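If you want the building blocks of each chain, they are given just below.
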Amino acid sequence: MVQDANKLVVFGSQLLGVLIVIAGLWTQQAKLQSPRPSGGRTPASASADRKGERFARLWDDPFPEGFENSVVKPRAGGPAPETIASPPPASQSPSPAKQSPTYKKLLIWNVLDARQVPEIKERRLRIRYAAVSAVLTADYLPARESSLSPLTEKPSETGTVPEGKELIGYFETFRAVPTCKAPFARVILAWTRKDAPLDEATIESVKKQIATKDEENGEVELQVLHHGSSQDLEDYEKSPQTHLAGKISFMRATIAGNKFDPFRPTISDHHLIDALFQELSLRIPALNRALPRIESRPRIVIVLERDTKYSYAIKQEIETKFQGVAKLEFSSYLRGLDGRSEDAASSTESAKSESDETSSTKPKGEGFGETSSGTSQFDYLRRLATRLGSETNSRKGRSVSAVGILGSDIYDKMLILQAMRDELRSAIFFTTDLDALYLERGNQHFTRNLIVAGGDGLDVNQNLLATPGSYVPPMRDGYQTVLANKVLSLLAPGDPKSATTPTPSVTPKIFEIAPGRNIDLKAGGPATSPNPKRNFVLRMLSFTWVNILAFAVGLANAFLILRAIFTRVAKSDTNQSDVVFAPMKPWWRVFVYTEVALALFAIGTLLFFLGWRKDALLLGEPLALGISIWPSVLIRLLAFLVAILLLMIASYTFVAQSMGLKKKLEAALPEGKMHLPNGMVSEGLRLCLSIARERPGELNESEFSSQLEKCFGVETRLLRNRRLWRIMGFSILYLALSMFLFWQWPPTVPARGAFALLYEKIVLALGVSLYIIHLIFCLDLHASAYNLLCALRALYTPAACKEIHDSDRQIDAKKMLEATASFTSIIGKTLLYPMTVLILIILSRLPHFDNWVMTPSLTITFLLGGLALVTAALLVWWAGSSLKKQVLAAHSKTEGVGEPVSLVGSPAASGVRSSEVAPQPAAGGGMDDAQVNRKRRVAFAKKREQLEAINEGVFAAWYNQPIFAAIFSAAAVFGSLSIAGPLARFMLE
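Residues numbered from 1 in each chain as written. Predicted model: local features only at pLDDT ≥ 70, side-chain atom pairs only at ≥ 80, totals over all residues. Heavy atoms only, no water.

Trainee: How do you make sense of the overall build of the protein when you look at a structure like this?
Mentor: The helix and strand inventory of the protein stands at 26 helices and 21 strands. Scored against the burial criterion, the 989 residues of the protein give a buried share of 51%. The long-range share in the protein, meaning contacts at least 24 apart out of those at least 6 apart in sequence, stands at 77%. (Helix = DSSP H or I, 4+ residues; strand = E, 2+ residues; numbered from the N terminus. Buried < 20%, exposed > 50% of the residue type's maximum accessible area, 1.4 Å probe, protein only. Contact = heavy atoms within 4.5 Å.)

In structure tokens form, the structure reads like this:
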């Protein structure tokens, strides 16, 4: 039957919402574990041989431990030192020698930081891995089995590599395979420290040392890749070396300034800040218009290291770009937040003591878990995060919209993210320079949804590869990618001189961190580039009245759907008189089913995009699970569709069965005026007046038919339908209260893109408005049921029983309870409908999909609706239980064991008719009193059994009540979600 379809819709929609959430948890990547035996964290470097060479795997650190003070050790015997062949004197004729072939060589000179600090060693590992991977991908192989040969500053006058001379670095040689199309036959990677000179004499010295080892003749082309900081680039720009013009590239220097562009292939900070501003403008609509009052502007906090040239320059760029549209606050820190010393790795005891000092734990109770002494800065960081969090949660004007974390040390950024993410959950976090640390599974709880701007991603560009089908594996950070691309461009077939001058990119990349991967947001693409339509929509979305307008339109749409279902009229089937149906009017039915069709189309479209266009953009918002609002929008569309269907089911069931139930109650109840309560509001006012006057107020006399009309009224005319106007009026009041709460604690939407934000707002307004209609409709039906139950209870007061007895009227208790049970069963099921829609709306705001936050306004709004439903259900249950108890009590009193019927009042008060207990004359001419009492007891006992057997609707056991079914359903939904996360992590370990 149609009225039974609610079970499938209610529990099916909840189950579908839970499955969508759990799918997001179970699609996380498992951590890869290598079976290789692990020794120390840093393997010991191979010792140098007699020639000063040492073996190093292609991904090892080019500078071993103690390199800063290393020298070429003298050999304890063996052949004489190798010499560099010098030209013979002019007076002597050269001896004939075998001419070796001439090769074209490329010397890639890498200038590195030689400090033995853990993070610097990791940086050197990454640099060498990227450079060597690019060379190998371009079809080169190691010439001397990955041996690193020493380089000194100057050779001796005799051409030998002097023993006992201080090292400046190492070099390694790669030879091209026969099929290689690159213009170079040999590629030499030189690794030297920053303090080594780069003058012409040193360069020639290094070339001679390389020629001695490689022995092949040929022209050597030089390219210097400097991996220093922005300060190194600034120092070089002030005093450039002419012999390095067009041959030096600073790979990691991003300091702002067009004058530095000729010296670097990576993108500068002012381009990154421009890209970040555009990205934040897509997420924070208020950034698209200048507000005169600073307090009204979005509050953006920048946490910045203050002891580098990089930080000073980027601060000026931020102030210039965000001036006039944001309220900026700068908080500084010093590099090395963990306070570890540079030689911590060299001493086990030192490392252990520093680990105890710098360990960061979450606050315990109301205090801090960090110590306030020593070199660690964790306590400073914790207090900063706590202050910002308390200000955000205090009032509307102090909320933090975005947090920028800008620094040169990735480990400091991770610590700041870890400390601040829990305190500022609704803020947008952004930084620069993509790193694989953001993708690690253990860091996802504070790195997910992080916005990262950089010159490149982790995947090396495929169009620069020398051999089709070859590719470089993804890197650990964006600087590695820039380096690999630079090396590949140097080795690309064609004119090698075309790649000698750095050509920095002017198109930065914007990424968002998803679970286990980074999503390219295609900065500057058609979906995100500025245009008049996008800018207009974003500016409109920044006004508060747009939110009010969106929800007003949504509520108006809900009123139209409500008006459509109120056009139902109960009709009997001409062929089957016992079958009653309640159709809507044709045009209203077309309107409702059009909205159902549109909702189905939107759900199908989103399912298509989510299933077949992974990591793409839809209206500027990514489709990747974990950082996208589209799964949330999908659930809200499902809530909108379910709300329409459940509203149709509720109205159909109520109208189709109300006519029969009303007739059944009219037949069971006495006619005429009675002292009956008029309703919850009227009775509440009467109670207040009774307390004020210190005397009980009297009930008004009214026809019971008026009570039934109020309860079962299905008036189709708009102006006379009081129930329709009540629902609309209370819905407007509920929305006004919600808007006030939203103004105090505005909820945030973690979406990007003008039209994505607009679509999300429209879908939310449609779904929430129908939830409000469901809620008020359900509460109104429960209030009608409560008023009816109170009116029925009024019939069983002593005064009412006496009045009914004196007027010789009767009550059919059995029919009355049966009709009441059927009616409250219909009303009770409507409780599940708004609860289902509410659960779906709450599911859409879970952080499994995106950075959704349950603000106090949403919590209060949802709790008010839930508490109102629970209270209404409990009141109806209590009123029904009291009614049945009073009916049974009146039945027992009327029975009057051992007493004549005339002494205990009218049998009508108990629901037993006189004909059922009147004694019949005996065959012998009479019946004694014992037989009369016995027959009367049997009749009353049978009648009591029939009354007690009515266990439907409000008279059912507590565990069969809809309120407990709704509570169990909600507990099952959110209970399954609470265990899904830990279970997924346990299964994926």
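Trainee: Looking at this structure, I do not really get the packing of aromatic side chains. What am I missing?
Mentor: The relation between two aromatic rings is expressed through the spacing of the ring centres and the mutual angle of the planes. Following the criterion strictly, the structure yields 12 aromatic pairs and no others. Ring plane angle 85 degrees and centroid distance 5.1 Å describe the contact between phenylalanine 277 and phenylalanine 322, whose orientation is recorded as edge-to-face. Of the two residues, phenylalanine 277 is situated in helix H5 (residues 269–283) and phenylalanine 322 in helix H6 (residues 309–322); the sequence distance between them amounts to 45 residues. There is no split in this pair, since phenylalanine 277 and phenylalanine 322 are both buried. Here lysine 315 stacks its cationic end above the ring of phenylalanine 330, 4.6 Å away from the centre of that ring. The ring of tyrosine 380 carries the charged tip of arginine 383 above its face, separated from the ring centre by 5.5 Å. (Phe/Tyr/Trp six-rings, centres within 6.5 Å; stacked < 30°, edge-to-face > 60°. Lys NZ or Arg CZ within 6 Å of the ring centre and 35° of its normal.)

Trainee: For this particular structure, what's the right way to read the nonpolar core?
Mentor: Burial of nonpolar side chains together is a common tendency in soluble globular proteins. Counting residues in hydrophobic clusters, the biggest one holds 136 residues, and the most contacted among them are Phe704, Leu788, Met816 and Phe823. In contact with phenylalanine 823, other than residues within four places in its own chain, are Phe654, Leu661, Cys711, Phe712, Ala785 and Leu788. One finds Leu58, Ala114, Ala182 and Leu189 within the second-largest nonpolar core, a separate group that totals 38 residues. (Core = buried A, V, L, I, M, F, W, Y, C linked by side-chain atoms within 4.5 Å.)

Trainee: Sorry if this is basic, but what is going on with helix H15 (residues 630–668) here?
Mentor: The α-helix advances 3.6 residues per turn, and as a result positions three or four apart in sequence lie on the same side. The end-to-end C-alpha distance of H15 is 55 Å, a good match for the 57 Å that 39 residues give at a rise of 1.5 Å each. The principal kink in H15, of about 40 degrees, is found at serine 658. Across the 39 residues of H15, 30 count as buried, placing the element largely inside the fold. (Expected span 1.5 Å × (residues − 1). Bend = angle between axes of the 7 residues up to and from the residue.)

Trainee: Hey, could you run me through the pattern of salt bridges in this one?
Mentor: Oppositely charged side chains can pair when the atoms bearing their charge come close. Applying the stated criterion across every chain yields a total of 22 salt bridges. Between aspartate 379 and arginine 383 there is a salt bridge, with the nearest N and O atoms lying 3.0 Å from each other. With aspartate 379 and arginine 383 both in helix H8 (residues 378–394) and four residues apart, the pair spans about one turn of that helix. Between arginine 636 and glutamate 760 there is a salt bridge, with the nearest N and O atoms lying 2.3 Å from each other. In this pair, arginine 636 sits in helix H15 while glutamate 760 sits in helix H19 (residues 754–794), placing the two residues 124 residues apart along the sequence. Given a relative accessible area of 2%, glutamate 760 falls into the buried group. (Salt bridge = Lys/Arg side-chain N within 4 Å of Asp/Glu carboxyl O.)

Trainee: Can you help me understand the packing of H19 against helix H22 (residues 832–844) in this one?
Mentor: A pair of packed helices is characterised by two quantities: the angle between their axes and the separation of those axes. Running from N to C, H19 and H22 cross one another at 150 degrees; their axes reach a closest spacing of 8 Å. Classified by the interaxial angle, the pair formed by H19 and H22 is roughly antiparallel. Here H19 and H22 pass one another in a crossing that is left-handed. Here Gly767, Val768, Tyr771, His774, Leu775 and Cys778 of H19 come into contact with H22, specifically with Tyr833, Pro834, Val837, Leu838 and Ile841. Taken together, the residues that form the contact of H19 with H22 break down as nine nonpolar, two polar and no charged. (Axes fitted to C-alpha atoms, helices over the stretch in contact; angles between N-to-C directions. Parallel < 35°, antiparallel > 145°, perpendicular 65-115°, else oblique. Left-handed = near helix turned anticlockwise from the far one by under 90°. Nonpolar A, V, L, I, M, F, W, Y, C, P; charged D, E, K, R; others polar.)

Trainee: When you look at the sheet that holds strand S13 (residues 451–454) in this model, what are you seeing that I'm missing?
Mentor: Strand pairing in a sheet relies on backbone hydrogen bonds. The paired strands run either parallel or antiparallel. A sheet is described by the order of its strands in space; here seven strands give the open sequence S10-S9-S11-S12-S13-S14-S15, paired in mixed fashion. Here the strands that pair on one side only, and so sit at the sheet edges, are strand S10 (327–333) and strand S15 (517–520). Sheet twist, expressed as the average angle between the axes of neighbouring strands with direction ignored, equals 25 degrees. Of the strand pairs in this sheet, strand S9 (residues 299–305) and S10 are connected by seven bridges, and their pairing is parallel. In the strand pairing of S10, isoleucine 302 is matched with phenylalanine 330. Each of S9, S10, strand S11 (400–406) and strand S12 (428–432) touches H6; the most contacted strand, S9, lies at about 165 degrees to it. (Pairing = 2+ DSSP bridges.)

Trainee: How should I be thinking about the side chain of threonine 861 in this particular structure?
Mentor: Along the chain, the position of threonine 861 falls in helix H23 (residues 856–895). Within polar-contact distance, the side chain of threonine 861 engages the backbone oxygen of serine 857 at 2.7 Å. Other than its neighbours up to four places away in sequence, threonine 861 contacts Tyr734, Ser738, Leu741 and Phe742. (Polar contact = N/O pair within 3.5 Å; in protein donor to acceptor, adjacent residues only side chain to side chain.)

Trainee: What's the story with a nonpolar patch on the surface in this structure? I'm lost.
Mentor: The grouping of Leu737, Phe740, Trp743, Ile860 and Leu864 at the surface amounts to a nonpolar patch, some 470 Å² of accessible area in total. Secondary structure elements with two or more residues in the nonpolar patch: helix H18 (722–744) and H23. On the secondary structure map, leucine 864 appears in helix H23. Taking relative accessible area as the criterion, leucine 864 reaches 39% and is therefore assigned partly exposed. (Patch = residues over 30% accessible without salt bridge, like charges linked within 9 Å, V, L, I, M, F, W, Y side chains within 5 Å. Areas by Shrake-Rupley, 256 points an atom, 1.4 Å probe, with all protein chains shown as cover.)

Trainee: Looking at this model, I keep getting lost on helix H9 (residues 410–420). Mind explaining?
Mentor: Of all 11 residues in H9, nine are buried, a share of seventy percent or more. Those residues of H9 lying buried are Ile410, Asp412, Lys413, Met414, Leu415, Ile416, Leu417, Ala419 and Met420. N-capping of H9 is provided by aspartate 409, with a side-chain oxygen placed 2.9 Å from the backbone N of tyrosine 411.

Trainee: What am I meant to see in the pairing of strand S5 (residues 167–176) here?
Mentor: Consecutive side chains along a regular strand alternate between the two faces of the sheet. Extensive coverage of S5 is indicated by the burial of eight of its 10 residues. Pairing between strand S3 (residues 140–142) and S5: three bridges, direction antiparallel. Within S5, the position partnered with proline 142 by the bridge is phenylalanine 174. In the sheet, strand S4 (residues 147–152) pairs with S5 via four bridges, with the strands oriented antiparallel. Its bridge partner lying in S5, serine 149 is registered against phenylalanine 171.

Trainee: When you look at the confidence of the model for the protein in this model, what are you seeing that I'm missing?
Mentor: Should the pLDDT be low somewhere, the predicted coordinates at that spot are not to be read in detail. Summary statistics for the protein give a mean pLDDT of 78 and a share of 75% for residues scoring 70 or more. At the level of individual helices and strands, the protein shows its lowest average pLDDT in helix H7 (residues 348–358), which scores 44, and its highest in S12, which scores 94. Note on residues 75–93: pLDDT is under 50 here. Beyond four places in sequence and across chains, it has 26 contacts. The model gives residues 344–367 a pLDDT under 50, and that stretch makes 31 contacts with residues more than four places away or in other chains. (pLDDT = per-residue confidence, 0-100.)

Trainee: Explanation requested: the environment of proline 747 in the structure shown.
Mentor: Tracing the backbone through its elements, the reader meets proline 747 in the loop between H18 and H19. With a relative accessible area of 30%, proline 747 lands in the partly exposed category. When the C-alpha positions of proline 747 and threonine 855 are compared, they lie 6.0 Å apart, and in sequence the two are 108 residues distant. The contact partners of proline 747, leaving out residues within four places of it in the chain, are Phe742, Arg845, Thr855, Ser857 and Leu858.

Trainee: Looking at this model, I keep getting lost on unusual backbone geometry. Mind explaining?
Mentor: Note on backbone geometry: most residues besides glycine have negative phi, and most peptide bonds are trans. Here the phi dihedral of aspartate 139 falls at roughly 70 degrees; this positive angle occurs in a residue that is not glycine. Along the polypeptide, aspartate 139 turns up in the loop between helix H2 (118–137) and S3.

Trainee: Hey, could you run me through a negative patch on the surface in this one?
Mentor: Where like charges cluster on the molecular surface, the negative patch consists of Glu153, Asp199, Glu200 and Glu204. By secondary structure assignment, the location of aspartate 199 is in the loop between strand S6 (186–193) and helix H3 (200–214). (Lys, Arg positive; Asp, Glu negative; His and termini not counted. Charge placed at Lys NZ, Arg CZ, Asp CG, Glu CD.)

Trainee: I'm lost on the packing of helix H13 (residues 544–565) against helix H14 (residues 586–612) in this one. Help?
Mentor: Contact pair H13 / H14: the axes reach a minimum separation of 9 Å and the direction vectors enclose 130 degrees. Taken together, the axes of H13 and H14 are oblique relative to one another. In this structure, H13 crosses over H14, and the sense of that crossing is left-handed. Contacts between H13 and H14 involve Asn557, Leu560, Ile561, Arg563 and Ala564 from the former and Trp588, Phe591, Val592 and Glu595 from the latter.

Trainee: Looking at this model, I keep getting lost on the side chain of threonine 830. Mind explaining?
Mentor: Within the secondary structure, threonine 830 is located in the loop between helix H21 (813–829) and H22. When its relative accessible area of 5% is taken as the criterion, threonine 830 is described as buried. Among the polar contacts listed, one links the side chain of threonine 830 to the backbone oxygen of isoleucine 827, at a separation of 2.4 Å. Those residues in contact with threonine 830 that sit more than four places away from it in its chain are Ala650, Cys778, Leu781 and His782.

Trainee: Please explain the environment of arginine 517 as it appears in this structure.
Mentor: Within the secondary structure layout, arginine 517 lies in strand S15. Arginine 517 gets classed as partly exposed once you look at its relative accessible area, which sits at 23%. Between the C-alpha atom of arginine 517 and that of leucine 439, which follows or precedes it by 78 residues, the distance is 5.6 Å.

Trainee: Just checking my understanding: could you explain the pairing of S4 for this structure?
Mentor: Burial runs high along S4: six of the six residues are buried. Of the two faces of S4, both are covered, the one formed by Ser147, Ser149 and Leu151 as well as the one formed by Leu148, Pro150 and Thr152.

Trainee: Looking at this structure, how should I read the environment of tyrosine 438?
Mentor: Note that tyrosine 438 resides in the loop between S12 and helix H10 (444–447). For tyrosine 438 and lysine 413, which are 25 residues apart along the polypeptide, the C-alpha to C-alpha distance reads 9.9 Å.

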